[in-house]
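Okay, here's what each chain looks like letter by letter:
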Amino acid sequence: MEHRDPLKRLSQRGKLTARLACAVLGALFFGSSANGQANLSGYREVSKQRLLLRITAQYLHTVSQGQIDMDSAILIPSKLYKLSPFLAYNEGYSNGERSTGTILLDAGKVSEAIMELAKSKGETRLRLLVELATHFLFKPGNAPIDLKEAAKYINEALSGSSSVAVKWQIEIMSLKGELLQQSGQSEESRNVFREVIRITEQLNDKSAQGRALLKAGGALHYGDPERLADFEKALDVFRVLGNKEKVIETISQIIIENFAAKRYDNAERLSTDIIQREKEIGFHCQQYSFDALSYINNRKGQLTKSLEYSNQSLEAIHSGIDSAFIGYFYCRRGAVLERLLKNQEAMLWFDKALNAQSDQLKLYWFRAMAGKVELLISFNRPLEAIKILKTYPKRYVISTYFEQMHYAYLQGLTYDKLHNFKLAETNYQQFLIMAKAFPIEYVHDELPLALYQITTFYRERRNTKKARELLEQARGFTTAEDLQGLGLYYQQLFKIDSTEKRYFQAVTDLQKAHTYFDSAFSDDQVKKARELLVKYETEKKDKNIKLLNSQKQMAQIRAREANRTINIVLGGLALLATIVALLIKLYFNKQGVNLKLEANRKELDQKNTFLEKVNSDKDKLLKEKEWLLKEVHHRVKNNLQMVTSLLYSQAVYLEDGAAKLAVNDSLRRMQAMSLIHQKLYQDQNTSFIAIKDYINDLVRYLHDSLDAGNNIVFKQQIEELLLDVSQAIPLGLIVTESIVNALKYAFLNEQEGLVKIVLLEDGPGRLQLKISDNGVGLPADFDALEHNSLGLDLMQGLANQLNGELDIKTDNGVHITLKFKMLTN
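Residues numbered from 1 in each chain as written. Predicted model: local features only at pLDDT ≥ 70, side-chain atom pairs only at ≥ 80, totals over all residues. Heavy atoms only, no water.

Digging into the sheet that holds strand β2 (residues 712-718)
On the basis of which strands lie adjacent, the open sheet formed by five strands has the order β2-β4-β5-β7-β6 and mixed pairing. Edge positions in the sheet fall to β2 and β6 (805-810), since each has one partner strand and no second. With direction set aside, neighbouring strand axes in the sheet form an average angle of 10°. Relative to strand β7 (residues 814-821), β6 runs antiparallel, the two sharing six bridges. (Pairing = 2+ DSSP bridges. Helix = DSSP H or I, 4+ residues; strand = E, 2+ residues; numbered from the N terminus. Axes fitted to C-alpha atoms, helices over the stretch in contact; angles between N-to-C directions.)

Here's what the structure looks like:
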């Protein structure tokens, strides 16, 4: 019974809305939720069954960003747990026992339920009218024909309610208030609910009053002050009554309201309170509360806590039915790992989410697909991304407004990476148009991150005005706690200011970006996250081992008992004396063996104590050494960045072209070294560099810094290997010099060109680097050994430092080859 105005606004704009999703879900779930089958919820108490339906539905409604309305969301857990959806609505007049009307309506036999009206009288007839009204009023969507049918049964019930108990008048008036709200008559709806609350107060019926306040608040729009006030009043009532289940349900509504208003600290505090209350009443479905805490801390930038709560949400799943929504939790874990720059691990969890799909619950495939596509783009694998974008929508239906909007963005992102900028802009524009109509209360991380990416697109097209406009839109959705988002904002601002030649402001922007990124991805946070991942996997293995040991022990016990019975039957009294003698002998033998074992144990304990002390001292020294190395690399990186910023500022004032060119060349060389130190302090390994990622980042930087545009294409074939830092630095500088020379001299008059970078093994323990271009090449009489050039001299010196062989040839372009022996770890 949640407010539907945001979705109506989308419908009025002629968009594909959540209503279509509701219709799809209704076809899947409505009319077959119970069918008389056994309750699979694990709860015998009706109050906990109702709480399960409401909590699960609120979770689905919230994580879908309102694209699954509450009526559809109620039907999904009803189907899973074999519970009647009427349990979510009939608390005021039913103790959970199914009536003739609910049995027929749960089975989809609506016409037979209507026929029962002619046979019913008095309160039985009134109840059936209320149930029919409930059936049509809370069907997915706001179809006029359903609202018309609901109004017919509500009016008929009102006409016959004057002579029956007041509880029926309260229920019927509450249905009328919801009908008016769904019909767009918000003020009239509010007046009806006020009257219902007044009646319950006069009767001093606290239970009815609490339910009326919950319904009244739920009918209001997110952010309406009266909505939160109604929920808080309801909470006070249920606390006085000691109704623990309703207290939990009401607090969950208040959490959603605080989250929509970006009051994350309040939402976190209340979520922690809910978990404790759920434990107290034995409500084991706590995965939703832990997942909410994971998401709240993700929004606050507390990524380590977010990962810890993600672990707890997965541990809270106790049954196969509970795991029906496990894909949501897998997606959450993937999103947290992605923000922690653990992209490979994140990809594994998105794949797990896609593999967890079932034919009945196609609810979260799009989020998993979107996460995988964005990671493939970050891995520079756009062809795989476009294949997924074409394949999955054929398997599953893109049914919601959010999915259609974000699908346009994913296509734009992929075509952007494929350099099909016309199609990229078409899809980006479709996304931006739809984003304007998307309800602000349902905006989570996806929209601002998409706006940051589209900002990059327009900045690279030199449309800085459009880029700045989109950047400020994204900033409006970025909270003060989102350190990564703020880092992205200032990084984009630095690039826009640089493009517009506002160099002093650009330097300030860059410093702020580094400050926020360093805070978001601190060594301590990354280390704690890594420890949590190890802890989760270890505990999972320990549980499996305990289960296997338990099964093994049971088998051993059964075998021992069987052997004992056989020995008693076969031995008999005739062997009793012999057994006693043997036992005595065994006793003395065992005593002697025990004395020897005790001596050996003491000796082993002494040795173990000594070895533990040695290992502890060694581990402490290793940790201190690792910390010192990381700190050195961090400071070297920061110092190089500061020098780079100073040189960048100095270059602005240089008028001599040769001097400015020399300073810019020095900037690029320093950035090549800075990248290495940055990766060393971010990574666990402080001595070796993942050379493929490093060269990829270096090439991207050189391409951007030289403003090469889209005329020059880079093709890379890099071996996946770790290279000692003492070799990575000179190798990076050689790559820098080679690419800079190619971009500056190989292609004249903005001609199109190709630069190939190949680093492969050249026999056991040896590597060969080859950088080639198809440009104008060197002069015919050019001799690299005789030519006086700082760049060539530097390359030759760096090759000697690697104990390698450097060869420069010209043949339809320049071909630079370096062969050297790789140091091993």
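Having seen the model, we can carry on.
Examining the nonpolar core
M369 and F431 are the most contacted members of the largest nonpolar core, which has 158 residues in total. Those residues in contact with M369 that lie beyond four places of it in its chain are L354, I388, L389, Y392, Y407 and L410. (Core = buried A, V, L, I, M, F, W, Y, C linked by side-chain atoms within 4.5 Å. Buried < 20%, exposed > 50% of the residue type's maximum accessible area, 1.4 Å probe, protein only. Contact = heavy atoms within 4.5 Å.)

Examining the confidence of the model for the chain
Here the chain shows a mean pLDDT of 82. Residues at 70 or above account for 83%. This model gives residues 1-35 a pLDDT under 50, and the stretch forms 117 contacts once residues within four places in sequence are excluded. (pLDDT = per-residue confidence, 0-100.)

Regarding the pattern of salt bridges
Inspection of the entire model under this criterion finds 34 salt bridges. One salt bridge in this structure joins R125 and E156, with 2.3 Å as the shortest N-O distance. Here R125 is found in helix α7 (residues 122-137), whereas its partner E156 is found in helix α8 (residues 144-159), with 31 residues between them in sequence. Classification of R125 as partly exposed rests on a relative accessible area of 26%. Salt bridges linked by common partners bring E187, R190, R194, E226 and D230 together as one network. (Salt bridge = Lys/Arg side-chain N within 4 Å of Asp/Glu carboxyl O.)

Brief notes about unusual backbone geometry
Of note, K262 is a non-glycine position whose phi angle comes to about 65°, a positive value. Secondary-structure assignment places K262 in the loop between α13 (244-260) and α14 (264-280). Residue classification places K262 among the partly exposed residues on the basis of a relative accessible area of 33%.

Here we look at the side chain of R459
Along the polypeptide, R459 turns up in helix α23 (residues 446-460). The residues contacting R459, other than those within four sequence positions of it, are A467, Q492, K495, I496 and T499.

Structural notes on the packing of aromatic side chains
Under the counting rule described, the total for this entry stands at 23 aromatic pairs. Between Y59 and Y288 the ring centres are 4.8 Å apart and the planes differ by 40°, which places this aromatic pair in the tilted class. Of this pair, Y59 sits in helix α3 (residues 46-63) while Y288 sits in helix α15 (residues 287-300), and the two are 229 residues apart along the sequence. For the residue pair Y59 and Y288, the accessibility class agrees, reading buried in each case. On the numbers, 5.6 Å between centres and 85° between planes, the contact of W365 with F366 is edge-to-face. Grouping residues by exposure puts W365 and F366 together as buried. Taken together, the ring pairs connect Y409, F421, Y428, F431, F457 and Y458 into an aromatic cluster. Residue placement shows R461 over the ring face of F421; its charged tip is 4.1 Å from the ring centre. (Phe/Tyr/Trp six-rings, centres within 6.5 Å; stacked < 30°, edge-to-face > 60°. Lys NZ or Arg CZ within 6 Å of the ring centre and 35° of its normal.)

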